[in-house]
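In case you want the letters, here they are:
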Amino acid sequence: MSVSGLGGEFALIGMSESAVGIVPDKSPRELCVQVTLDAIQDAGLTLGEVDGLITCNAFAEPIMYHAEAVAEYIGWQPRHCVTVNTGGGTTFMALNMAAAAIQAGMADTIVVAMADSLRSFMSREQAMVVQSSSGHPHYEQPYGPTVPAYYALIARAHMDQFGTTEAQFAEAAVSCRAWASQHPKAQKRDPISVEDVMNSRAIADPLKVLDCSLVSDGGAAVVITRKDRAKNGPHKPVTLLGYGEGHAYEHISQAKNLTTSAAAQSGRAAYTEAGLTPDDIDLLQLYDCFTPALLIQIEDLGFCDKGEGGAWLASGISRPGGSKPMNTHGGMLSYCHPGNPGAMFGLTEAMIQMRGNAGERQLPNMRTALCHAQGGIMSSHATIILGAED
Amino acid sequence: MAKPVPRPTPTEQPFYDACAAGKLVLQRCQHCGHVVFYPRTHCDACQSDQLAWEDASGAGTIASYTVVRRAVSADFEAPYVIALIDLAEGPRMMSQIIDADPDALAVGLSVKVDFAAWSEDITLPVFRLHPALDGGDAGP
(Lines give C-alpha, C1' and ligand atoms only; values in the text may rest on other atoms or scores of the structure.)
Protein backbone atom coordinates (compact mmCIF):
# COMPACT_ATOMS: atom_id res chain seq x y z
CA MET A 1 0.00 0.00 0.00
CA SER A 2 1.00 3.58 -0.40
CA VAL A 3 3.16 5.60 1.87
CA SER A 4 0.62 8.36 2.14
CA GLY A 5 1.67 11.93 2.62
CA LEU A 6 0.64 14.10 -0.29
CA GLY A 7 -3.12 14.29 0.14
CA GLY A 8 -3.74 17.98 -0.67
CA GLU A 9 -1.00 19.28 1.64
CA PHE A 10 1.72 19.78 -0.95
CA ALA A 11 2.04 21.70 -4.18
CA LEU A 12 4.30 21.85 -7.20
CA ILE A 13 5.39 25.44 -7.69
CA GLY A 14 8.13 25.18 -10.28
CA MET A 15 9.12 23.03 -13.24
CA SER A 16 11.63 22.85 -16.05
CA GLU A 17 12.61 20.67 -18.97
CA SER A 18 15.90 20.64 -20.84
CA ALA A 19 16.07 20.27 -24.58
CA VAL A 20 15.03 16.67 -25.29
CA GLY A 21 15.69 14.05 -27.94
CA ILE A 22 19.24 14.29 -29.21
CA VAL A 23 21.18 16.65 -26.95
CA PRO A 24 24.89 15.99 -27.49
CA ASP A 25 26.22 19.27 -26.09
CA LYS A 26 25.57 18.60 -22.39
CA SER A 27 26.46 15.63 -20.20
CA PRO A 28 23.76 14.04 -18.01
CA ARG A 29 25.20 15.81 -14.97
CA GLU A 30 25.14 19.15 -16.79
CA LEU A 31 21.54 18.57 -17.88
CA CYS A 32 20.59 17.76 -14.28
CA VAL A 33 22.28 20.95 -13.06
CA GLN A 34 20.50 22.98 -15.73
CA VAL A 35 17.00 21.72 -14.95
CA THR A 36 17.61 22.13 -11.20
CA LEU A 37 18.45 25.81 -11.59
CA ASP A 38 15.72 26.40 -14.18
CA ALA A 39 13.01 24.86 -11.98
CA ILE A 40 14.04 26.99 -9.01
CA GLN A 41 13.92 30.10 -11.21
CA ASP A 42 10.53 29.03 -12.60
CA ALA A 43 9.24 28.85 -9.02
CA GLY A 44 10.38 32.44 -8.48
CA LEU A 45 12.90 31.34 -5.84
CA THR A 46 16.62 31.69 -5.34
CA LEU A 47 18.92 28.78 -4.53
CA GLY A 48 19.09 29.99 -0.95
CA GLU A 49 15.33 29.57 -0.60
CA VAL A 50 15.44 25.88 -1.53
CA ASP A 51 16.86 23.43 0.98
CA GLY A 52 16.45 19.98 -0.53
CA LEU A 53 17.55 18.09 -3.65
CA ILE A 54 16.46 14.62 -4.76
CA THR A 55 17.87 13.12 -7.98
CA CYS A 56 18.23 9.76 -9.67
CA ASN A 57 21.43 8.35 -11.10
CA ALA A 58 22.27 8.40 -14.80
CA PHE A 59 23.10 5.23 -16.75
CA ALA A 60 25.31 7.24 -19.11
CA GLU A 61 27.30 8.90 -16.32
CA PRO A 62 26.88 6.99 -13.06
CA ILE A 63 27.99 8.89 -9.97
CA MET A 64 28.19 7.18 -6.60
CA TYR A 65 26.70 10.15 -4.73
CA HIS A 66 24.66 11.65 -7.52
CA ALA A 67 22.57 14.28 -5.75
CA GLU A 68 25.55 15.48 -3.76
CA ALA A 69 27.59 15.79 -6.96
CA VAL A 70 24.88 17.90 -8.61
CA ALA A 71 24.68 20.18 -5.56
CA GLU A 72 28.47 20.46 -5.39
CA TYR A 73 28.63 21.42 -9.08
CA ILE A 74 26.65 24.59 -8.38
CA GLY A 75 28.18 25.28 -4.99
CA TRP A 76 25.05 24.42 -3.07
CA GLN A 77 24.85 22.77 0.37
CA PRO A 78 21.19 21.77 0.69
CA ARG A 79 19.97 20.57 4.07
CA HIS A 80 18.47 17.40 2.53
CA CYS A 81 20.18 15.69 -0.42
CA VAL A 82 19.56 12.12 -1.63
CA THR A 83 19.61 9.91 -4.73
CA VAL A 84 16.66 7.57 -5.35
CA ASN A 85 16.62 4.43 -7.48
CA THR A 86 13.46 2.50 -8.31
CA GLY A 87 13.95 2.44 -12.08
CA GLY A 88 11.28 4.22 -14.07
CA GLY A 89 9.19 4.52 -10.93
CA THR A 90 11.89 6.67 -9.33
CA THR A 91 10.21 9.87 -10.53
CA PHE A 92 7.06 9.79 -8.45
CA MET A 93 8.51 7.80 -5.56
CA ALA A 94 11.09 10.60 -5.28
CA LEU A 95 8.26 13.12 -5.30
CA ASN A 96 6.52 11.30 -2.46
CA MET A 97 9.78 11.07 -0.55
CA ALA A 98 10.15 14.83 -1.00
CA ALA A 99 6.69 15.38 0.48
CA ALA A 100 7.48 13.00 3.32
CA ALA A 101 10.79 14.78 4.00
CA ILE A 102 9.00 18.13 4.15
CA GLN A 103 6.34 16.62 6.41
CA ALA A 104 9.09 15.33 8.70
CA GLY A 105 10.81 18.70 8.86
CA MET A 106 13.89 17.61 6.92
CA ALA A 107 13.44 20.43 4.40
CA ASP A 108 10.90 23.10 3.46
CA THR A 109 11.22 23.24 -0.32
CA ILE A 110 12.76 20.49 -2.43
CA VAL A 111 13.81 20.18 -6.07
CA VAL A 112 13.33 16.77 -7.66
CA ALA A 113 15.64 16.71 -10.70
CA MET A 114 16.52 13.94 -13.12
CA ALA A 115 18.43 13.68 -16.40
CA ASP A 116 20.16 11.07 -18.52
CA SER A 117 21.67 10.84 -21.99
CA LEU A 118 21.08 7.33 -23.30
CA ARG A 119 21.22 8.58 -26.88
CA SER A 120 24.33 10.74 -27.08
CA PHE A 121 26.52 9.48 -24.24
CA MET A 122 26.13 5.73 -24.80
CA SER A 123 26.35 3.53 -27.90
CA ARG A 124 23.13 1.78 -28.95
CA GLU A 125 24.71 -1.49 -27.85
CA GLN A 126 25.71 -0.11 -24.43
CA ALA A 127 22.21 1.28 -23.91
CA MET A 128 20.67 -2.08 -24.79
CA VAL A 129 22.97 -4.10 -22.53
CA VAL A 130 22.63 -1.68 -19.60
CA GLN A 131 18.86 -1.75 -19.80
CA SER A 132 18.64 -5.52 -20.12
CA SER A 133 20.86 -5.85 -17.04
CA SER A 134 17.66 -5.42 -15.01
CA GLY A 135 17.11 -9.12 -15.72
CA HIS A 136 18.07 -11.70 -13.11
CA PRO A 137 21.80 -12.35 -13.62
CA HIS A 138 21.46 -16.11 -13.11
CA TYR A 139 17.93 -17.01 -14.16
CA GLU A 140 17.08 -14.52 -16.93
CA GLN A 141 20.05 -12.72 -18.47
CA PRO A 142 21.93 -15.88 -19.58
CA TYR A 143 19.10 -16.63 -22.03
CA GLY A 144 19.55 -13.32 -23.85
CA PRO A 145 16.30 -11.47 -23.17
CA THR A 146 16.09 -7.82 -24.20
CA VAL A 147 13.88 -5.28 -22.46
CA PRO A 148 11.43 -5.40 -25.40
CA ALA A 149 11.42 -9.19 -25.02
CA TYR A 150 10.31 -8.91 -21.38
CA TYR A 151 7.39 -6.73 -22.43
CA ALA A 152 6.68 -9.01 -25.38
CA LEU A 153 6.10 -11.84 -22.87
CA ILE A 154 3.49 -9.65 -21.18
CA ALA A 155 1.95 -8.71 -24.53
CA ARG A 156 1.65 -12.34 -25.65
CA ALA A 157 0.02 -13.35 -22.37
CA HIS A 158 -2.51 -10.52 -22.72
CA MET A 159 -3.28 -11.54 -26.32
CA ASP A 160 -3.77 -15.13 -25.24
CA GLN A 161 -5.96 -14.31 -22.24
CA PHE A 162 -8.10 -11.50 -23.65
CA GLY A 163 -7.83 -11.73 -27.43
CA THR A 164 -5.96 -8.43 -27.65
CA THR A 165 -4.46 -7.87 -31.10
CA GLU A 166 -1.18 -6.45 -32.34
CA ALA A 167 -3.16 -3.71 -34.09
CA GLN A 168 -4.67 -2.69 -30.73
CA PHE A 169 -1.19 -2.32 -29.22
CA ALA A 170 -0.28 -0.24 -32.27
CA GLU A 171 -3.16 2.15 -31.50
CA ALA A 172 -1.26 3.26 -28.38
CA ALA A 173 1.72 4.35 -30.48
CA VAL A 174 -0.57 6.08 -32.99
CA SER A 175 -2.32 8.03 -30.22
CA CYS A 176 0.93 9.21 -28.64
CA ARG A 177 2.34 10.25 -32.01
CA ALA A 178 -0.82 12.20 -32.87
CA TRP A 179 -0.23 14.29 -29.72
CA ALA A 180 3.52 14.59 -30.36
CA SER A 181 2.80 16.02 -33.80
CA GLN A 182 1.33 19.03 -31.95
CA HIS A 183 4.38 19.47 -29.69
CA PRO A 184 7.23 21.51 -31.15
CA LYS A 185 9.85 19.83 -28.90
CA ALA A 186 8.87 16.19 -29.49
CA GLN A 187 11.63 13.88 -30.71
CA LYS A 188 9.27 12.21 -33.23
CA ARG A 189 6.52 14.33 -34.80
CA ASP A 190 5.53 12.69 -38.10
CA PRO A 191 2.06 11.17 -37.71
CA ILE A 192 1.93 7.38 -38.01
CA SER A 193 -0.84 4.88 -38.73
CA VAL A 194 -1.58 1.45 -37.29
CA GLU A 195 -0.22 0.04 -40.56
CA ASP A 196 3.04 1.94 -40.07
CA VAL A 197 3.45 0.36 -36.63
CA MET A 198 2.50 -3.11 -37.88
CA ASN A 199 4.96 -2.85 -40.78
CA SER A 200 7.84 -1.49 -38.72
CA ARG A 201 10.87 -3.63 -37.96
CA ALA A 202 10.26 -6.71 -35.79
CA ILE A 203 12.07 -6.47 -32.44
CA ALA A 204 10.64 -9.21 -30.21
CA ASP A 205 7.35 -10.70 -31.43
CA PRO A 206 4.70 -9.31 -31.17
CA LEU A 207 6.50 -5.98 -30.65
CA LYS A 208 7.78 -3.92 -33.53
CA VAL A 209 10.13 -0.96 -33.27
CA LEU A 210 7.23 1.53 -33.21
CA ASP A 211 5.76 -0.31 -30.19
CA CYS A 212 8.96 0.59 -28.32
CA SER A 213 9.77 3.91 -26.67
CA LEU A 214 12.53 6.17 -27.89
CA VAL A 215 16.13 6.29 -26.74
CA SER A 216 16.74 9.90 -25.79
CA ASP A 217 18.66 12.54 -23.90
CA GLY A 218 16.94 14.95 -21.58
CA GLY A 219 16.12 16.06 -18.08
CA ALA A 220 13.32 17.64 -16.10
CA ALA A 221 12.81 18.99 -12.59
CA VAL A 222 9.98 20.13 -10.34
CA VAL A 223 9.90 22.13 -7.11
CA ILE A 224 7.66 20.92 -4.29
CA THR A 225 6.72 22.67 -1.06
CA ARG A 226 3.96 22.78 1.53
CA LYS A 227 0.80 24.26 0.09
CA ASP A 228 0.66 27.16 2.54
CA ARG A 229 4.11 28.29 1.36
CA ALA A 230 3.12 28.07 -2.30
CA LYS A 231 1.01 31.21 -2.59
CA ASN A 232 3.36 33.88 -3.85
CA GLY A 233 5.04 32.30 -6.85
CA PRO A 234 4.75 33.45 -10.45
CA HIS A 235 2.64 30.44 -11.46
CA LYS A 236 -0.52 28.91 -10.08
CA PRO A 237 0.57 25.96 -7.92
CA VAL A 238 -0.50 22.44 -8.82
CA THR A 239 -1.77 20.47 -5.83
CA LEU A 240 -0.79 16.87 -5.15
CA LEU A 241 -4.13 15.26 -4.35
CA GLY A 242 -3.20 11.62 -4.05
CA TYR A 243 -0.37 9.12 -4.20
CA GLY A 244 -0.07 5.36 -4.25
CA GLU A 245 2.54 2.66 -4.69
CA GLY A 246 2.46 -1.00 -5.62
CA HIS A 247 5.36 -3.45 -5.67
CA ALA A 248 4.69 -6.92 -7.04
CA TYR A 249 8.13 -8.44 -7.78
CA GLU A 250 11.38 -7.47 -9.39
CA HIS A 251 11.90 -10.01 -12.19
CA ILE A 252 9.20 -10.81 -14.73
CA SER A 253 9.83 -14.54 -14.39
CA GLN A 254 8.66 -14.20 -10.76
CA ALA A 255 5.40 -12.41 -11.63
CA LYS A 256 2.36 -14.21 -10.27
CA ASN A 257 0.21 -12.52 -12.90
CA LEU A 258 1.52 -11.34 -16.28
CA THR A 259 -1.54 -9.34 -17.29
CA THR A 260 -2.58 -7.47 -14.13
CA SER A 261 0.07 -5.26 -12.57
CA ALA A 262 0.58 -3.54 -9.23
CA ALA A 263 -0.70 -0.38 -10.96
CA ALA A 264 -4.05 -1.67 -9.67
CA GLN A 265 -2.82 -1.17 -6.08
CA SER A 266 -1.02 2.13 -6.68
CA GLY A 267 -4.02 3.52 -8.55
CA ARG A 268 -6.51 2.45 -5.88
CA ALA A 269 -4.45 4.09 -3.15
CA ALA A 270 -4.06 7.31 -5.13
CA TYR A 271 -7.78 7.54 -5.97
CA THR A 272 -8.69 6.89 -2.33
CA GLU A 273 -6.37 9.60 -1.03
CA ALA A 274 -7.59 12.07 -3.66
CA GLY A 275 -11.25 11.15 -3.16
CA LEU A 276 -11.60 10.77 -6.94
CA THR A 277 -12.47 8.05 -9.42
CA PRO A 278 -11.19 7.38 -12.94
CA ASP A 279 -14.23 9.25 -14.31
CA ASP A 280 -12.97 12.41 -12.57
CA ILE A 281 -9.59 12.43 -14.35
CA ASP A 282 -9.22 14.98 -17.17
CA LEU A 283 -5.73 13.97 -18.35
CA LEU A 284 -3.92 10.61 -18.26
CA GLN A 285 -0.11 10.74 -18.30
CA LEU A 286 0.88 7.07 -18.32
CA TYR A 287 4.16 5.17 -18.60
CA ASP A 288 4.43 4.11 -22.23
CA CYS A 289 7.80 2.39 -22.35
CA PHE A 290 6.14 -0.20 -24.59
CA THR A 291 2.62 -0.23 -26.00
CA PRO A 292 1.42 -3.25 -23.95
CA ALA A 293 2.56 -1.55 -20.72
CA LEU A 294 0.35 1.40 -21.58
CA LEU A 295 -2.61 -0.83 -22.40
CA ILE A 296 -2.34 -2.72 -19.11
CA GLN A 297 -2.06 0.52 -17.10
CA ILE A 298 -5.25 1.81 -18.74
CA GLU A 299 -7.02 -1.29 -17.44
CA ASP A 300 -5.37 -1.50 -14.03
CA LEU A 301 -5.92 2.20 -13.32
CA GLY A 302 -9.63 1.69 -13.94
CA PHE A 303 -10.20 3.56 -17.19
CA CYS A 304 -11.85 0.45 -18.66
CA ASP A 305 -12.61 -3.11 -17.60
CA LYS A 306 -9.85 -5.72 -17.50
CA GLY A 307 -9.21 -7.05 -20.98
CA GLU A 308 -10.87 -4.05 -22.69
CA GLY A 309 -7.72 -1.92 -23.04
CA GLY A 310 -7.34 -2.77 -26.72
CA ALA A 311 -10.87 -1.71 -27.58
CA TRP A 312 -10.48 1.44 -25.43
CA LEU A 313 -7.38 2.47 -27.40
CA ALA A 314 -8.89 1.59 -30.77
CA SER A 315 -11.90 3.82 -30.03
CA GLY A 316 -9.64 6.87 -30.35
CA ILE A 317 -10.73 8.16 -26.94
CA SER A 318 -7.13 9.05 -25.97
CA ARG A 319 -6.25 10.97 -29.14
CA PRO A 320 -6.56 14.72 -29.80
CA GLY A 321 -10.28 15.52 -29.62
CA GLY A 322 -11.04 12.41 -27.55
CA SER A 323 -12.69 12.54 -24.14
CA LYS A 324 -9.79 10.92 -22.25
CA PRO A 325 -6.66 12.68 -23.57
CA MET A 326 -3.54 10.67 -22.77
CA ASN A 327 0.17 11.54 -22.97
CA THR A 328 -0.46 14.91 -24.60
CA HIS A 329 3.28 15.55 -24.92
CA GLY A 330 3.64 12.37 -26.96
CA GLY A 331 4.84 10.12 -24.16
CA MET A 332 8.01 8.11 -24.11
CA LEU A 333 6.91 6.60 -27.42
CA SER A 334 7.18 9.94 -29.24
CA TYR A 335 8.28 12.84 -26.95
CA CYS A 336 11.42 11.45 -25.31
CA HIS A 337 12.62 8.61 -23.09
CA PRO A 338 15.98 9.23 -21.45
CA GLY A 339 15.63 6.21 -19.12
CA ASN A 340 14.75 6.65 -15.45
CA PRO A 341 13.75 10.34 -15.86
CA GLY A 342 11.16 9.34 -18.49
CA ALA A 343 8.00 9.84 -16.41
CA MET A 344 9.13 13.32 -15.29
CA PHE A 345 7.97 14.60 -18.67
CA GLY A 346 4.52 13.18 -18.04
CA LEU A 347 4.46 15.26 -14.86
CA THR A 348 5.86 18.47 -16.38
CA GLU A 349 3.38 18.17 -19.26
CA ALA A 350 0.51 17.89 -16.77
CA MET A 351 1.78 21.09 -15.11
CA ILE A 352 2.08 22.85 -18.48
CA GLN A 353 -1.51 21.83 -19.27
CA MET A 354 -2.76 23.04 -15.86
CA ARG A 355 -0.99 26.36 -16.35
CA GLY A 356 -2.67 26.73 -19.73
CA ASN A 357 0.66 26.89 -21.54
CA ALA A 358 0.31 23.90 -23.88
CA GLY A 359 -0.25 25.88 -27.07
CA GLU A 360 -1.80 23.95 -29.94
CA ARG A 361 -2.41 20.89 -27.75
CA GLN A 362 -3.93 22.80 -24.79
CA LEU A 363 -6.87 20.98 -23.20
CA PRO A 364 -9.91 22.97 -22.08
CA ASN A 365 -10.96 23.01 -18.41
CA MET A 366 -7.98 21.11 -17.07
CA ARG A 367 -8.79 20.30 -13.43
CA THR A 368 -7.23 16.90 -12.70
CA ALA A 369 -4.45 14.74 -14.05
CA LEU A 370 -3.26 11.24 -13.19
CA CYS A 371 0.43 10.50 -13.76
CA HIS A 372 1.75 6.96 -13.54
CA ALA A 373 5.29 5.62 -13.50
CA GLN A 374 6.69 2.14 -13.21
CA GLY A 375 10.08 0.59 -12.77
CA GLY A 376 11.46 -2.76 -13.83
CA ILE A 377 9.25 -4.97 -15.97
CA MET A 378 5.84 -3.77 -14.71
CA SER A 379 7.39 -4.31 -11.26
CA SER A 380 7.26 -1.15 -9.10
CA HIS A 381 4.41 1.28 -9.63
CA ALA A 382 3.71 4.83 -8.45
CA THR A 383 0.60 6.87 -9.23
CA ILE A 384 0.05 10.56 -8.48
CA ILE A 385 -3.11 12.58 -8.94
CA LEU A 386 -2.78 16.32 -9.46
CA GLY A 387 -5.36 19.08 -9.10
CA ALA A 388 -5.41 22.60 -10.55
CA GLU A 389 -5.77 25.54 -8.17
CA ASP A 390 -8.84 27.74 -8.49
CA MET B 1 32.44 -10.73 -24.65
CA ALA B 2 30.56 -13.93 -24.13
CA LYS B 3 27.03 -14.87 -23.17
CA PRO B 4 26.23 -13.98 -19.57
CA VAL B 5 26.96 -16.99 -17.38
CA PRO B 6 25.81 -17.50 -13.80
CA ARG B 7 28.41 -17.61 -11.05
CA PRO B 8 26.57 -19.86 -8.62
CA THR B 9 26.51 -19.14 -4.92
CA PRO B 10 26.93 -22.11 -2.58
CA THR B 11 23.13 -22.13 -2.17
CA GLU B 12 22.65 -22.41 -5.93
CA GLN B 13 25.46 -24.86 -6.68
CA PRO B 14 23.33 -28.05 -6.40
CA PHE B 15 21.02 -26.69 -9.14
CA TYR B 16 23.94 -26.21 -11.55
CA ASP B 17 25.60 -29.48 -10.56
CA ALA B 18 22.37 -31.26 -11.45
CA CYS B 19 22.09 -29.41 -14.78
CA ALA B 20 25.62 -30.52 -15.63
CA ALA B 21 24.49 -34.10 -14.92
CA GLY B 22 21.41 -33.68 -17.14
CA LYS B 23 18.89 -33.43 -14.31
CA LEU B 24 16.50 -30.67 -13.28
CA VAL B 25 16.18 -30.27 -9.51
CA LEU B 26 14.05 -27.90 -7.48
CA GLN B 27 13.85 -27.01 -3.81
CA ARG B 28 10.80 -28.06 -1.79
CA CYS B 29 9.96 -26.36 1.48
CA GLN B 30 9.93 -28.97 4.25
CA HIS B 31 7.62 -26.75 6.28
CA CYS B 32 4.80 -25.85 3.85
CA GLY B 33 5.49 -28.04 0.81
CA HIS B 34 5.85 -25.09 -1.61
CA VAL B 35 8.22 -25.76 -4.52
CA VAL B 36 10.71 -22.92 -4.83
CA PHE B 37 12.40 -21.49 -7.94
CA TYR B 38 14.85 -19.71 -8.33
CA PRO B 39 17.00 -21.37 -5.66
CA ARG B 40 16.85 -19.57 -2.32
CA THR B 41 17.85 -19.79 1.32
CA HIS B 42 14.23 -19.13 2.42
CA CYS B 43 10.86 -20.30 1.12
CA ASP B 44 9.04 -17.52 -0.76
CA ALA B 45 5.69 -18.79 0.53
CA CYS B 46 6.36 -19.21 4.28
CA GLN B 47 9.94 -17.92 4.80
CA SER B 48 11.11 -21.20 6.33
CA ASP B 49 14.78 -22.02 5.77
CA GLN B 50 14.08 -25.75 5.65
CA LEU B 51 14.44 -26.34 1.89
CA ALA B 52 15.47 -29.66 0.36
CA TRP B 53 16.41 -30.51 -3.22
CA GLU B 54 14.38 -33.04 -5.17
CA ASP B 55 14.23 -34.21 -8.77
CA ALA B 56 11.76 -32.45 -11.04
CA SER B 57 9.88 -34.04 -13.91
CA GLY B 58 11.26 -31.62 -16.50
CA ALA B 59 7.76 -31.20 -17.93
CA GLY B 60 6.07 -27.86 -18.28
CA THR B 61 3.80 -25.65 -20.35
CA ILE B 62 4.40 -22.33 -22.10
CA ALA B 63 3.03 -19.43 -20.02
CA SER B 64 4.26 -16.92 -22.59
CA TYR B 65 6.95 -16.60 -25.22
CA THR B 66 8.59 -14.20 -27.65
CA VAL B 67 10.74 -14.63 -30.71
CA VAL B 68 13.63 -12.21 -30.24
CA ARG B 69 14.37 -10.65 -33.63
CA ARG B 70 17.01 -8.22 -32.43
CA ALA B 71 19.59 -9.93 -30.21
CA VAL B 72 20.60 -8.35 -26.92
CA SER B 73 24.29 -8.49 -27.95
CA ALA B 74 26.58 -9.99 -30.56
CA ASP B 75 26.88 -13.07 -28.33
CA PHE B 76 23.38 -14.15 -29.31
CA GLU B 77 22.19 -14.98 -32.81
CA ALA B 78 18.63 -13.87 -33.59
CA PRO B 79 16.05 -15.19 -33.92
CA TYR B 80 15.78 -17.10 -30.66
CA VAL B 81 12.84 -17.92 -28.46
CA ILE B 82 12.59 -16.66 -24.87
CA ALA B 83 9.77 -18.24 -22.89
CA LEU B 84 8.25 -18.38 -19.46
CA ILE B 85 7.68 -22.04 -18.60
CA ASP B 86 5.24 -23.18 -15.94
CA LEU B 87 6.89 -26.29 -14.53
CA ALA B 88 4.68 -29.24 -13.66
CA GLU B 89 5.78 -28.86 -10.01
CA GLY B 90 4.45 -25.29 -9.88
CA PRO B 91 7.22 -22.71 -10.26
CA ARG B 92 7.69 -20.56 -13.34
CA MET B 93 11.06 -20.39 -15.08
CA MET B 94 12.47 -18.23 -17.86
CA SER B 95 14.30 -20.21 -20.50
CA GLN B 96 14.84 -20.66 -24.21
CA ILE B 97 12.78 -22.97 -26.36
CA ILE B 98 15.24 -24.48 -28.82
CA ASP B 99 14.80 -26.05 -32.27
CA ALA B 100 11.22 -24.81 -32.56
CA ASP B 101 9.44 -23.35 -35.57
CA PRO B 102 8.25 -19.95 -34.28
CA ASP B 103 4.91 -20.47 -36.01
CA ALA B 104 4.37 -23.67 -34.03
CA LEU B 105 4.60 -21.91 -30.66
CA ALA B 106 1.55 -21.09 -28.56
CA VAL B 107 0.72 -20.34 -24.96
CA GLY B 108 -0.28 -23.55 -23.18
CA LEU B 109 1.75 -25.99 -25.29
CA SER B 110 3.73 -28.68 -23.51
CA VAL B 111 7.51 -28.56 -23.31
CA LYS B 112 10.19 -30.82 -21.90
CA VAL B 113 13.52 -29.83 -20.43
CA ASP B 114 16.84 -30.37 -22.16
CA PHE B 115 20.26 -29.05 -21.26
CA ALA B 116 22.77 -26.90 -23.08
CA ALA B 117 26.35 -25.97 -22.23
CA TRP B 118 26.64 -22.18 -21.73
CA SER B 119 30.34 -22.23 -20.83
CA GLU B 120 32.99 -24.75 -19.87
CA ASP B 121 31.56 -24.91 -16.34
CA ILE B 122 27.92 -23.99 -16.67
CA THR B 123 25.07 -25.97 -18.21
CA LEU B 124 21.59 -24.43 -18.29
CA PRO B 125 18.12 -25.90 -18.70
CA VAL B 126 16.44 -25.17 -22.03
CA PHE B 127 13.17 -26.55 -23.35
CA ARG B 128 11.80 -28.25 -26.45
CA LEU B 129 8.23 -28.51 -27.63
CA HIS B 130 6.77 -31.87 -26.61
CA PRO B 131 3.75 -32.49 -28.84
CA ALA B 132 3.22 -36.01 -27.49
CA LEU B 133 2.02 -34.51 -24.21
CA ASP B 134 -0.53 -32.42 -26.15
CA GLY B 135 -1.82 -35.49 -27.98
CA GLY B 136 0.07 -34.64 -31.14
CA ASP B 137 2.90 -36.15 -33.13
CA ALA B 138 5.91 -36.79 -30.94
CA GLY B 139 8.17 -36.42 -33.95
CA PRO B 140 11.47 -38.18 -34.40
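Residues numbered from 1 in each chain as written. Chains lettered and ligands numbered in written order. Predicted model: local features only at pLDDT ≥ 70, side-chain atom pairs only at ≥ 80, totals over all residues.

A. Here's a closer look at the overall build of chain B. Scanning chain B from terminus to terminus reveals one helix and eight strands. For chain B, the sequential pattern of α-helices and β-strands runs α-β-β-β-β-β-β-β-β. In summary, chain B has a C-alpha radius of gyration of 16 Å against a globular reference of 14 Å for 140 residues, a match within 12%. Its C-alpha atoms put chain B at 45 × 40 × 25 Å along the principal axes. Taking all 140 residues of chain B together, the buried fraction comes to 34%. (Helix = DSSP H or I, 4+ residues; strand = E, 2+ residues; numbered from the N terminus. Rg over C-alpha atoms; globule rule 2.2 N^0.38 Å. Buried ≥ 20, exposed ≤ 12 C-beta atoms within 10 Å, placed from the backbone.)

B. Broad picture of the packing of helix α1 (residues 28-42) of chain A against helix α2 (residues 66-73) of chain A. Residue and element names in this part refer to chain A. Closest axis-to-axis distance for the α1/α2 pair is 10 Å, and the angle between their directions is 65°. In terms of orientation, α1 and α2 fall into the roughly perpendicular class. Seen along the crossing, α1 lies across α2 with a hand that is right-handed. Note on element contacts: α2 touches α1 through A69, V70 and Y73, opposite R29, C32, V33 and T36. Looking at side-chain class alone, the contact of α1 with α2 contains five nonpolar, one polar and one charged residues. (Axes fitted to C-alpha atoms, helices over the stretch in contact; angles between N-to-C directions. Parallel < 35°, antiparallel > 145°, perpendicular 65-115°, else oblique. Left-handed = near helix turned anticlockwise from the far one by under 90°. Contact = placed C-beta atoms within 7 Å. Nonpolar A, V, L, I, M, F, W, Y, C, P; charged D, E, K, R; others polar.)

C. Representation of the sheet that holds strand β2 (residues 52-56) of chain A. All names here are of chain A. Read across the sheet, nine strands follow the order β3-β2-β4-β7-β1-β8-β11-β10-β9 without closing on themselves; strand pairing throughout is mixed. Two strands lie at the open edges of the sheet, namely β3 (80-84) and β9 (283-285), each paired on one side alone. Sheet twist, expressed as the mean angle between neighbouring strand axes with direction ignored, is 25°. Across seven bridges, the pairing between strand β1 (residues 10-17) and strand β7 (residues 217-226) is antiparallel. What sits directly across from F10, in β7, is R226. (Pairing = 2+ DSSP bridges.)

D. A look at the interface of chain B and chain A. Each side of the interface is counted separately: chain B has 29 residues, and chain A has 27 residues. Secondary structure elements with two or more residues in the side of chain B that touches chain A: β4 (59-68), β5 (80-87) and β6 (92-97) of chain B. When residues of the side of chain B that touches chain A are assigned to their parent elements, the largest contribution, six residues, is made by β4 of chain B. Broken down by class, the residue content of the side of chain B that touches chain A amounts to 19 nonpolar, five polar and five charged.

E. Region of the structure containing the environment of T41 of chain B. Residues and elements named next belong to chain B. As for its placement among the helices and strands, T41 is situated in the loop between β2 (35-36) and β3 (51-55). A count of 12 C-beta atoms within 10 Å places T41 in the exposed class. Here the alpha-carbon distance between T41 and Q27, two residues 14 residues apart in the chain, equals 9.7 Å. Those residues within four positions of T41 in sequence are excluded, and the remaining contacts are T11 and D49.

F. Inspection of the sheet that holds strand β1 (residues 25-29) of chain B at higher detail. All names here are of chain B. Pairing is antiparallel in the open sheet, where three strands are placed in the order β2-β1-β3. The strands lining the two open edges of the sheet, one partner per strand, are β2 and β3. Where β1 lies against β2, two bridges are found, and the strand directions are antiparallel. The residue bridging Q27 from the neighbouring strand is V36, located in β2.

G. Region of the structure containing helix α9 (residues 291-300) of chain A. Residue and element names in this part refer to chain A. In terms of burial, α9 is a largely internal element, 10 of the 10 residues being buried. Burial in α9 covers these residues: T291, P292, A293, L294, L295, I296, Q297, I298, E299 and D300. Structurally, α9 contributes buried residues whose contacts are with α5 (147-162), α6 (166-180), α8 (263-274), α10 (309-314) and β10 (368-375). Count one or two residues on from α9 and you reach G302, which has phi positive near 85°.

H. Spatial organisation of the nonpolar core. Of all hydrophobic cores here, the largest spans 170 residues; its most connected members are A98 and V112 of chain A. Looking at this core, the element that brings in the most residues is α5 of chain A, giving 10 residues. Residue-level mapping places this core at the junction of two domains, with at least three residues from each of domain 1 (12-56) and domain 2 (57-140) of chain B. Setting aside residues no more than four positions away along its own chain, A98 of chain A makes contact with G52, I54, I110, V112 and I224 of chain A. (Core = buried A, V, L, I, M, F, W, Y, C linked by C-beta atoms within 7 Å. Domains from an automatic or database assignment.)

I. Representation of the packing of α5 of chain A against α9 of chain A. All names here are of chain A. Where α5 contacts α9, the axes come no closer than 9 Å and their chain directions differ by 50°. Comparing the axis directions of α5 and α9 gives the class oblique. By crossing handedness, the relation of α5 to α9 is classed as left-handed. In contact with Y151, I154, A155 and H158 of α5, α9 contributes P292, A293 and I296. Tallied by class, residues from the contact of α5 with α9 come to six nonpolar, one polar and no charged.

J. Representation of unusual backbone geometry in the model. Here the amide bond leading from F37 of chain B into Y38 of chain B is cis, since omega sits at 5°, within 30 degrees of zero. P79 of chain B follows A78 of chain B through a cis peptide bond whose omega is -5°. Along the chain, P79 of chain B turns up in the loop between β4 and β5. Within the chain, N327 of chain A stands out as a residue other than glycine whose phi angle is a positive 50°.

K. The arrangement of the confidence of the model for chain B in detail. In this model, chain B carries an average pLDDT of 95, and 96% of its residues clear a pLDDT of 70 or more. Scoring of the predicted complex yields 0.96 for pTM and 0.96 for ipTM. (pLDDT = per-residue confidence, 0-100.)

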